[in-house]
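The residues making up each chain are set out below.
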Amino acid sequence: MSRHGLHRVTRHRPDPRRKAIAVGVVGGSVVAGIVVTMMPLLASDDLSIRAAADTTATMVTQDGDNAAKPTLATCPARCDGNPRGGREAVIEFTVTTVPAAAVNVRATLRVHAWQQFAATVTAHASPLSAREARPAPKAAGAALDTLTGVSKGFNEWDVSRLVTGNGTWTVSLAQAGLDTRIYWASAENRDSELRPRLVISYDIGTRPSPVTTTRPAPPPSASPSASPTTAAPKPSPTIAPTRTPTASASPTVAPPGTCGAVSDKLVPSCGAWWGMYSPSGAGSGWNHGKAVADVEAQVGRKFDIVHRYHDFSNVGSNGAFPDAYEQQQMREGRLMFFAWESRDFSAGTTLTWADVYSGRHDATIDAVAGRIRDAKVPVFLGFDHEPEDEPAKGSDADFVRAWRYVYERFAKAGADNAVWVWTMMGWSGHYSRYAGLYPGDRYVDWVAYDPYNFHVCNGSTVWKSPSTTVGGFYRWLDESGIGAGKPRMLAEFGTNFNSADRGAKQRWFQEFPAALKAHPKIKAAIYFNSSGMTTRSTTCDMTMNHDAAAVAGFAEAGRDPYLRQPTGGSR
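Since the structure is predicted, the reported quantities are computational estimates derived from the model, not experimental observations.

Novice: Summarise the overall build of the protein; cite the residues concerned and give the values.
Specialist: Each helix and strand counted, the protein has 10 helices and 22 strands in total. In the protein, which comprises 571 residues, the proportion classed as buried is 61%. If you take every contact in the protein between residues at least 6 apart in sequence, the share linking residues at least 24 apart comes to 82%. Of the accessible surface of the protein, which amounts to about 20,300 Å², a share of 54% is contributed by carbon and sulfur atoms.

Novice: Describe in detail helix 9 (residues 504-517), supporting the description with residues and values.
Specialist: Relative to the 20 Å expected for 14 residues at 1.5 Å per residue, helix 9 spans 20 Å between its end C-alpha atoms, a close match to the ideal helical length. Taking the largest bend as the criterion, helix 9 deviates by roughly 35°, centred on Glu 511, and proline Pro 513 comes between one and four positions later. Buried within helix 9 we find Ala 504, Lys 505, Trp 508, Phe 509, Phe 512, Pro 513, Ala 515 and Leu 516. Summarising the contacts, the buried residues of helix 9 are in contact with strand 12 (273-277), strand 20 (452-453), helix 8 (466-480), strand 21 (488-495), strand 22 (522-528) and helix 10 (548-558).

Novice: Could you give me a rundown of the environment of Val 105, with the residues and numbers involved?
Specialist: With respect to the helices and strands, Val 105 occurs in strand 5 (residues 102-113). Sequence separation of Val 105 and Arg 161 is 56 residues, and the distance between their C-alpha atoms is 9.4 Å. Among residues more than four places away in sequence, those in contact with Val 105 are Ser 160, Val 163, Thr 164, Gly 165, Ile 200, Ser 201 and Tyr 202.

Novice: Give a description of helix 6 (residues 396-413) that names residues and reports values.
Specialist: Because the α-helix completes a turn every 3.6 residues, residues three or four places apart line up on one side. With 18 residues, helix 6 should cover 26 Å at 1.5 Å per step; its first-to-last C-alpha distance of 26 Å lies within 8% of that length. Within helix 6, burial applies to Asp 396, Phe 399, Val 400, Ala 402, Trp 403, Val 406, Tyr 407, Arg 409 and Phe 410. As for helix 6, its buried residues are in contact with strand 14 (335-340), helix 4 (353-357), helix 5 (362-375), strand 17 (379-383), strand 18 (418-424) and helix 7 (431-437).

Novice: Break down the packing of aromatic side chains for me, citing the residues and quoting the values.
Specialist: We describe a pair of aromatic rings using the distance from one ring centre to the other and the angle between the two ring planes. Counted according to the given criterion, the structure contains 42 aromatic pairs. Ring-pair connections join several aromatic residues into one group, and the members of that group are Phe 312, Phe 321, Phe 338, Trp 340, Trp 353, Phe 383, Phe 399, Trp 403, Tyr 407, Phe 410, Trp 420 and Tyr 443. Directly above the ring of Phe 154 sits Arg 110, whose terminal nitrogen or CZ lies 4.1 Å from the centroid. The cationic tip of Arg 488 hangs over the ring face of Tyr 474; the distance from NZ or CZ to the ring centre is 4.7 Å.

Novice: A description of the pairing of strand 9 (residues 167-176) should follow, citing residues and the corresponding values.
Specialist: Strand 9 sits mainly inside the fold: seven of its 10 residues count as buried. Sheet analysis places strand 4 (residues 87-95) next to strand 9, joined by seven bridges and oriented antiparallel. Across the sheet, the residue bridging to Val 90 is Ser 172, located in strand 9. Where strand 6 (residues 117-125) lies against strand 9, six bridges are found, and the strand directions are antiparallel. Bridging across to strand 9, His 124 finds its partner in Ser 172.

Novice: Describe empty space enclosed by the protein, naming the residues involved and giving the relevant values.
Specialist: Evaluation of the coordinates by the stated rule reveals one cavity of 30 Å³ or more. The space that makes up the largest cavity amounts to roughly 30 Å³. Taken together, Phe 337, Ala 339, Gly 382, Phe 383, Asp 384, His 385, Trp 403, Val 421 and Thr 423 form the lining of the largest cavity. The set of elements that each furnish at least two residues to the lining of the largest cavity consists of strand 14, strand 17 and strand 18. Residues belonging to the lining of the largest cavity are distributed by class as follows: five nonpolar, three polar and one charged.

Novice: Help me get a handle on the pattern of salt bridges, residues and values and all.
Specialist: Applying the stated criterion across every chain, the model contains 26 salt bridges. When the shortest N-O distance is used, the salt bridge between Asp 384 and Lys 393 registers 2.9 Å. You can call Asp 384 buried: its relative accessible area is 1%. Residue classification places Lys 393 among the buried positions, given a relative accessible area of 1%. For the salt bridge of Asp 541 with Arg 536, the shortest nitrogen-to-oxygen distance reads 3.4 Å. What emerges from the salt-bridge pattern is a single network uniting Arg 343, Asp 384, Glu 390 and Lys 393.

Novice: So what's going on with the pairing of strand 19 (residues 446-449)? Residues and values would help.
Specialist: Burial of strand 19 is two-sided: the residues Trp 446 and Ala 448 facing one way and the residues Val 447 and Tyr 449 facing the other way are all buried. Bridging between strand 18 and strand 19 involves four bridges; their strand directions are parallel. Each residue of the ladder has a partner; that of Trp 422, found in strand 19, is Val 447. Following the backbone out of strand 18, through helix 7 and into the adjacent parallel strand 19, one traces a crossover that is right-handed. Examined bridge by bridge, strand 19 and strand 21 share three bridges and lie parallel to one another. Bridging from a neighbouring strand, Tyr 449 pairs with Leu 490 of strand 21.

Novice: Pulling in residues and values, what's your account of the side chain of Thr 108?
Specialist: Tracing the backbone through its elements, the reader meets Thr 108 in strand 5. On the basis of relative accessible area, Thr 108 is assigned to the buried category, the value being 18%. Beyond its immediate chain neighbours, meaning those up to four positions away, Thr 108 contacts Glu 156, Trp 157, Val 159, Arg 197, Leu 198 and Val 199.

Novice: Lay out the nonpolar core with the relevant residues and their values.
Specialist: Of all hydrophobic cores here, the largest spans 72 residues; its most connected members are Phe 410, Trp 422 and Tyr 434. Here this core takes seven residues from helix 6, the largest share from any one element. Beyond its immediate stretch of four places on either side in the chain, Tyr 434 contacts Glu 388, Trp 422, Met 424, Met 425, Gly 426, Trp 427, Phe 473, Trp 476 and Ile 482. Judged by nonpolar contacts, the second largest core, of 34 residues, contains Ala 89, Leu 162, Trp 169 and Val 171.

Novice: Please give an account of the packing of helix 8 against helix 9 that cites residues and values.
Specialist: Two numbers describe how helix 8 lies on helix 9: the axes approach to 8 Å, and their chain directions differ by 40°. Compared by their axis directions, helix 8 and helix 9 come out oblique. In this structure, helix 8 contributes Pro 466, Ser 467, Thr 469 and Val 470 to the contact, and helix 9 contributes Trp 508, Glu 511, Phe 512 and Ala 515.

Novice: Could you give me a rundown of the state of the cysteines, with the residues and numbers involved?
Specialist: What the rule picks out here adds up to two disulfides. Covalent S-S linkage joins Cys 75 and Cys 79, the inter-sulfur distance amounting to 2.1 Å. Its torsion about the S-S bond being 95°, the disulfide of Cys 75 and Cys 79 is classed as right-handed. The disulfide bridge from Cys 457 ends at Cys 540, spanning 2.0 Å between sulfur atoms. Taking the sign of the torsion about the S-S bond as the criterion, the disulfide between Cys 457 and Cys 540, at about 110°, is right-handed. Placement of Cys 457 in the loop between strand 20 and helix 8 and of Cys 540 in the loop between strand 22 and helix 10 is noted, with a sequence separation of 83 residues between them. Here Cys 457 and Cys 540 have matching classes, each one buried.

What counts, and at which threshold
- Residues numbered from 1 in each chain as written.
- Predicted model: local features only at pLDDT ≥ 70, side-chain atom pairs only at ≥ 80, totals over all residues.
- Heavy atoms only, no water.
- Helix = DSSP H or I, 4+ residues; strand = E, 2+ residues; numbered from the N terminus.
- Buried < 20%, exposed > 50% of the residue type's maximum accessible area, 1.4 Å probe, protein only.
- Contact = heavy atoms within 4.5 Å.
- Areas by Shrake-Rupley, 256 points an atom, 1.4 Å probe, with all protein chains shown as cover.
- Expected span 1.5 Å × (residues − 1).
- Bend = angle between axes of the 7 residues up to and from the residue.
- Phe/Tyr/Trp six-rings, centres within 6.5 Å; stacked < 30°, edge-to-face > 60°.
- Lys NZ or Arg CZ within 6 Å of the ring centre and 35° of its normal.
- Pairing = 2+ DSSP bridges.
- 1 Å grid on protein atoms, 1.4 Å probe; cavity = no way out; pocket = protein on both sides within 12 Å on 5 of 7 lines; lining within 4 Å.
- Points joined across faces, edges and corners; volume = space filled by probe spheres on them.
- Nonpolar A, V, L, I, M, F, W, Y, C, P; charged D, E, K, R; others polar.
- Salt bridge = Lys/Arg side-chain N within 4 Å of Asp/Glu carboxyl O.
- Right-handed = clockwise from strand over helix to strand, strands pointing away.
- Core = buried A, V, L, I, M, F, W, Y, C linked by side-chain atoms within 4.5 Å.
- Axes fitted to C-alpha atoms, helices over the stretch in contact; angles between N-to-C directions.
- Parallel < 35°, antiparallel > 145°, perpendicular 65-115°, else oblique.
- Disulfide = S-S within 2.5 Å.

Given below as structure tokens:
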């Protein structure tokens, strides 16, 4: 879990990870016109369509030609002291090429605001025209989605109930709870990255192999406020194995081209792996096996992937991995993901990347490589996840040099069963750094990131859907071309609950498989079942099993055929 995470602020991308904030000034309703021409993509990545026209609906004649302004405005009927000063934003778009066989069409309206304000803004089906200079407000149509609290950056509304496929659709934004105008970027804004967008995704029939399109990397967005970070695993005592390890069972491999096939880099041919990080503690005697088994019992299935964090101590369950628990889990058919951190958890010390590539820790690197090799099955291995949040360890170039150094020593040791996972936070504020942190295609097998729906845990008020949560960095990877063609993983993901809607977390989990299907390059998703650096409270709990409803939703997600691989733990 990251300090900045994949939360809600983003520069404009097809759909970034975003952090909405309330903007305020003098508000009204805005009308935005979007003409959509979508190339039909099977099992599509999200499609981002720019607004083609927009305007602000109002009775205030002094506003002039709102259709030509670089901003839109929303405000309730009584606005800035004017009892007839209301303004609405309306968005029109035309969808023409959604395939007839498209299903699960999802449409999200994204509009950028510059400041945070405590206002409620509702998206409605609208009878207004976005192409008029200053249309008069009319009674709003059916409410589609409501945003409580406007955020700085892109704000989102789910308009899927209106946008069901091809056709011409018009949406208006109506404001309440704040009697001053909120300004939004319009289609005429000088900064094209801030203009309104419609993001559409859909599924269709049999999904083909995903194709990655390489485009120039867009500029990074402004830095958001801090959000939770992953705490280092608590130190655990050395555990002496009581069994002699035997060769672990490899995942069953079906004939190439069929569901159930698994590549030598652990890529499933259909669907995605379902995984879990479940921390242990002193109360259970640091029984890392029980920590996972207890959660499996709650949700009624084995996990395909078990995620553990290890250090450079080379002793005990922290450093001498695979430990006895992991060996047993591999024998039982689970895949292991070792997140290897250049630290000593028990001593509380941190290595620099120069320490790693200097050769000072070669004995530890070689010992771990030998144990990985001797496991005789493919395992996921990541070196220093979220390095962009580790300034004390060195420069981005130092990280790349250390990664390559460790990789080469593994190769020299014959540990070619290590499947290398490059894990970033995926926060938009670091987009400009990711090219410099990427070790290169030769050294990376999977590209991973850590998205979260923190909700109020990080001081925000925005509730992100699963698709919004995972979609931002996913699309940025498509645009930047980094790791093109490589499978993607959610090395950590998670969600808070909503104290105002106790069923929201359960629904979030129930909707999660659909989000994965809409982002088919994600071939593994691992829940981070820990509070991390967040503080459990009456409004914040990131664990999957903090109440029965959440467990039920998560269990339902795990029963989805997309996450029921005919290989590995889910059999």
